[in-house]
Amino acid sequence: MKRSIKSRIETKKNRLKRRSKKILWETAKASVLTGAIAVTATSMIFIYNYMFHSPYFQLEEVIVEGCGRVTEKELIALAGVKHFQNILAINLEETARRIRTNPWVADVELERELPDKLVIKLSEKRPIALIKKDGGIYFMDSDGFMFEKLGKGENADLPVLTGFDKNEYLLKKSPELIACLSSRGLFPEINDVSEIRGDDIFGFSLVTNGGLCIELGFENYREKLERLKPVMADLAVKNLDRGFLHINLRDPGRVIVQKRNILKEGYRT
């Protein structure tokens, strides 16, 4: 019995020794891991501080791509970046938001070219027409939105939309008509059109630089303009294609041509 008790005690002692060694080993590993984490964190903080304060990453050059209407000077002023500013400290998202406040900016992308260059890639809005509304004349984009007022004394070689003050339907349809006029092979081309008129009853009418007034109505613009080509060719043969003409294309089945000066008479009098 005595030997049995002694054997048990020895077994427990050995078990405790093994457990102690295991605990010591686990503690040592934890200490090493904690130390490694502390060293890594300290190193990262040091590297972070070095990079954000090092002259090596100071902004030396801003490269602007895609400027047209907006000048580089205006764009950099909107961006709010400064020479010798740390390039890593620039908030690209916030900088892009400031640039987008310019009404001519459609989209902008910013990229860092380490160590010292900032690239600004600009996409500007492309106006397709001017629109006379609320006593002013505004640029209109391809989505039918007004985004900037035409400046005093400023010229723009774009057709002017009139009569759209209260007709949102026609205004939303106007980009479709302008796109049709911008395609090749049709008459008149967009460069020949000085005015696009909107009317609740009669739909769209075009006024050309040469004095033609062409009533198109509401739909099927391409089909109607295709029918106009042989008519204009026939008028040219008869030497009747010059001067002021009123051409009615609203009815898909016929073309009515009258010798009338709509500009002098006034529209829909």
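Details of the structure are given in the entry above.
Summary of the structure given here.

**Some details on the overall build of the chain**
Part 1: Of regular secondary structure, the chain possesses six helices and twelve strands.
Part 2: Out of the 269 residues in the chain, the part that is buried amounts to 33%.
Part 3: Within the chain, residue pairs in contact and separated by at least 24 positions form 51% of the contacts whose partners lie at least 6 positions apart.
Part 4: Accessible surface, the chain as shown: approximately 17300 Å² in total, 55% of it carbon and sulfur.

**Regarding the packing of aromatic side chains**
Part 1: Taken as a whole, this structure holds six aromatic pairs when the rule is applied.
Part 2: Centroid distance Tyr56 to Phe57: 5.0 Å. Interplanar angle 85°. Geometry classified as edge-to-face.
Part 3: On the basis of an interplanar angle of 80° and a centroid distance of 5.8 Å, the ring pair of Phe204 and Tyr221 is categorised as edge-to-face. Taken together, the residues Phe204 in strand E9 (residues 203-208) and Tyr221 in helix H5 (residues 221-237) connect sequence positions 17 residues apart.
Part 4: Ring pairing ties together the aromatic residues Trp104, Phe139 and Phe147, which thus form one cluster.

**What about the sheet that holds strand E2 (residues 105-113)?**
Part 1: Taken together, the three strands give an open sheet; going across it, the order is E1-E3-E2, and neighbouring strands pair in mixed fashion. At either end of the open sheet lies a strand with only one pairing partner, and these are strand E1 (61-65) and E2. Each neighbouring strand pair of the sheet contributes to a mean axis angle of 20°, computed without reference to strand direction.
Part 2: Two strands pair when backbone bridges link them, and E2 and strand E3 (residues 117-124) are joined in this way by eight bridges, in the antiparallel orientation. Each residue of the ladder has a partner; that of Glu111, found in E3, is Val119.
Part 3: Packed onto the sheet, helix H3 (residues 92-99) meets E2 and E3 and runs at close to 150° relative to E2.

**Some words on the sheet that holds strand E6 (residues 146-149)**
Part 1: Pairing within the open sheet is mixed, and its nine strands lie in the order E6-E5-E4-E7-E8-E9-E10-E11-E12. Lying at the two open borders of the sheet, with one neighbouring strand each, are E6 and strand E12 (256-258). When strand polarity is set aside, the average angle formed by the axes of neighbouring strands in this sheet is 25°.
Part 2: In this sheet, strand E7 (residues 160-162) lies alongside strand E4 (residues 129-133) in parallel orientation, the contact comprising two bridges. Along E7, the bridge assignment pairs Ile131 with Leu161.
Part 3: Here helix H4 (residues 168-182) sits on the sheet and contacts E4, strand E5 (136-140), E7, strand E8 (193-199), E9 and strand E10 (212-217); the angle it forms with E9, its principal contact strand, is near 45°.
Part 4: In the packing of H5 onto the sheet, the strands contacted are E9, E10, strand E11 (245-248) and E12, and the crossing angle to E10 comes to about 150°.

**Structural notes on the pairing of E5**
Part 1: Relative to E5, E4 runs antiparallel, the two sharing five bridges. Bridging from a neighbouring strand, Lys132 pairs with Ile137 of E5.
Part 2: Counting the residues in the hairpin turn of E4 and E5 gives two residues, including Asp134, whose phi is positive at 55°.
Part 3: Relative to E6, E5 is paired through three bridges, and the arrangement is antiparallel. Looking at the pairing, Tyr138 lines up with Lys149 of E6.

**Some words on the pattern of salt bridges**
Two side chains of opposite charge can pair, provided their charged atoms sit close to one another.
Part 1: Counted under the stated rule, the structure contains 14 salt bridges.
Part 2: When the shortest N-O distance is used, the salt bridge between Arg69 and Glu154 registers 2.1 Å. In this pair, Arg69 is assigned in the loop between E1 and helix H2 (72-79) and Glu154 in the loop between E6 and E7, connecting sequence segments 85 residues apart.

**Observations concerning the pairing of E10**
Part 1: Burial of E10 is extensive: six of the six residues sit out of reach of the surface.
Part 2: A two-sided burial pattern is seen for E10, the buried positions comprising Leu212, Ile214 and Leu216 on one face and Cys213, Glu215 and Gly217 on the other.
Part 3: When E9 meets E10, the two strands line up antiparallel, connected through four bridges. Paired with Ser205 across the two strands is Glu215, which belongs to E10.
Part 4: Between E9 and E10, which pair antiparallel in sequence order, lie three residues; one of them, Gly211, sits at a positive phi of approximately 100°.
Part 5: Bridging between E10 and E11 involves four bridges; their strand directions are parallel. Bridge pairing links Ile214 to Ile247 in E11.
Part 6: The handedness of the E10 to E11 crossover, carried by H5, is left-handed.

Quick notes on the rules
Residues numbered from 1 in each chain as written. Predicted model: local features only at pLDDT ≥ 70, side-chain atom pairs only at ≥ 80, totals over all residues. Heavy atoms only, no water. Helix = DSSP H or I, 4+ residues; strand = E, 2+ residues; numbered from the N terminus. Buried < 20%, exposed > 50% of the residue type's maximum accessible area, 1.4 Å probe, protein only. Contact = heavy atoms within 4.5 Å. Areas by Shrake-Rupley, 256 points an atom, 1.4 Å probe, with all protein chains shown as cover. Phe/Tyr/Trp six-rings, centres within 6.5 Å; stacked < 30°, edge-to-face > 60°. Pairing = 2+ DSSP bridges. Axes fitted to C-alpha atoms, helices over the stretch in contact; angles between N-to-C directions. Salt bridge = Lys/Arg side-chain N within 4 Å of Asp/Glu carboxyl O. Right-handed = clockwise from strand over helix to strand, strands pointing away.

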